[in-house]
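Residue-level structural notes
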Amino acid sequence: INNPHIVIRPHPAQSVNDFGEEYFRGDLHISISGENELLNDLINTKIAVGIHSIALLMAQEVGIKVFTCLPPGAGDIAIPGHRIPYLRDLKAKYT
């Protein structure tokens, strides 16, 4: 994806104010979503990355490529019967 726009969608228990300036350094186009409705955020999404959430399942259900970024040693994703690939496996495939 050329010139990606990265949107961080806070967990419902988080506020957009929880994200500091470190998220906005460099050449990446990053913004924090203030959208209440998940589907409104998913409309223009090409790839969704998260740990383990209903949002990932919803994104996958509507045909968006999804990955979990659950770190090694953290156990398995806590969604029974999931088919969400690990981002680390994608990285290993191309390095």
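Let us look at the overall build of the chain. Looking only at helices and strands, the chain has 3 helices and 4 strands in total. Traced from its N-terminal end to its C-terminal end, the chain shows the element sequence β-β-α-β-α-β-α. Here the chain, with 95 residues, has 21% of them falling under the buried criterion. A sequence separation of at least 24 residues applies to 25% of the contacts in the chain between residues at least 6 apart. If you sum the accessible surface of the chain, you get close to 7300 Å²; carbon and sulfur atoms cover 54% of it.

A few words on the nonpolar core. Counting 12 residues, the largest nonpolar core is built from Leu 38, Leu 42, Ala 48, Leu 56, Ala 59, Ile 64, Val 66, Leu 70, Ile 77, Ile 79, Ile 84 and Tyr 86. Contributions of two or more residues to this core are made by α1 (38-42) and α2 (54-61). In contact with Tyr 86, not counting residues within four places along its chain, are Phe 67, Thr 68, Leu 70, Gly 75, Asp 76 and Ile 77.

Turning next to the pattern of salt bridges. Between side chains of opposite charge, pairing is possible as soon as their charged atoms come close. Inspection of every chain in the model, using the stated rule, returns 1 salt bridge. Taking the shortest distance from any N to any O, the salt bridge between Arg 9 and Asp 41 comes out at 2.5 Å. Of the two residues, Arg 9 sits in the loop between β1 (5-8) and β2 (29-32) while Asp 41 sits in helix α1, which places them 32 residues apart along the sequence. For Arg 9, a relative accessible area of 31% gives the class partly exposed.

Together, Ile 47, Val 49, Leu 87 and Leu 90 give the surface a local cluster of nonpolar side chains, amounting to about 290 Å² of exposed area. As for its position among the elements, Leu 90 is in helix α3 (residues 87-94). Residue Leu 90 is classed as partly exposed on the basis of its relative accessible area, which comes to 31%.

A few words now on the side chain of Ser 33. Mapping Ser 33 onto the fold places it in the loop between β2 and α1. In this structure the side chain of Ser 33 is engaged in a polar contact, spanning 2.7 Å, whose partner is the side chain of Asp 41. Those residues in contact with Ser 33 that lie beyond four places of it in its chain are Val 7, Ile 8, Arg 9, Pro 10, Val 16 and Asp 41.

What counts and how
Residues numbered from 1 in each chain as written. Predicted model: local features only at pLDDT ≥ 70, side-chain atom pairs only at ≥ 80, totals over all residues. Heavy atoms only, no water. Helix = DSSP H or I, 4+ residues; strand = E, 2+ residues; numbered from the N terminus. Buried < 20%, exposed > 50% of the residue type's maximum accessible area, 1.4 Å probe, protein only. Contact = heavy atoms within 4.5 Å. Areas by Shrake-Rupley, 256 points an atom, 1.4 Å probe, with all protein chains shown as cover. Core = buried A, V, L, I, M, F, W, Y, C linked by side-chain atoms within 4.5 Å. Salt bridge = Lys/Arg side-chain N within 4 Å of Asp/Glu carboxyl O. Patch = residues over 30% accessible without salt bridge, like charges linked within 9 Å, V, L, I, M, F, W, Y side chains within 5 Å. Polar contact = N/O pair within 3.5 Å; in protein donor to acceptor, adjacent residues only side chain to side chain.

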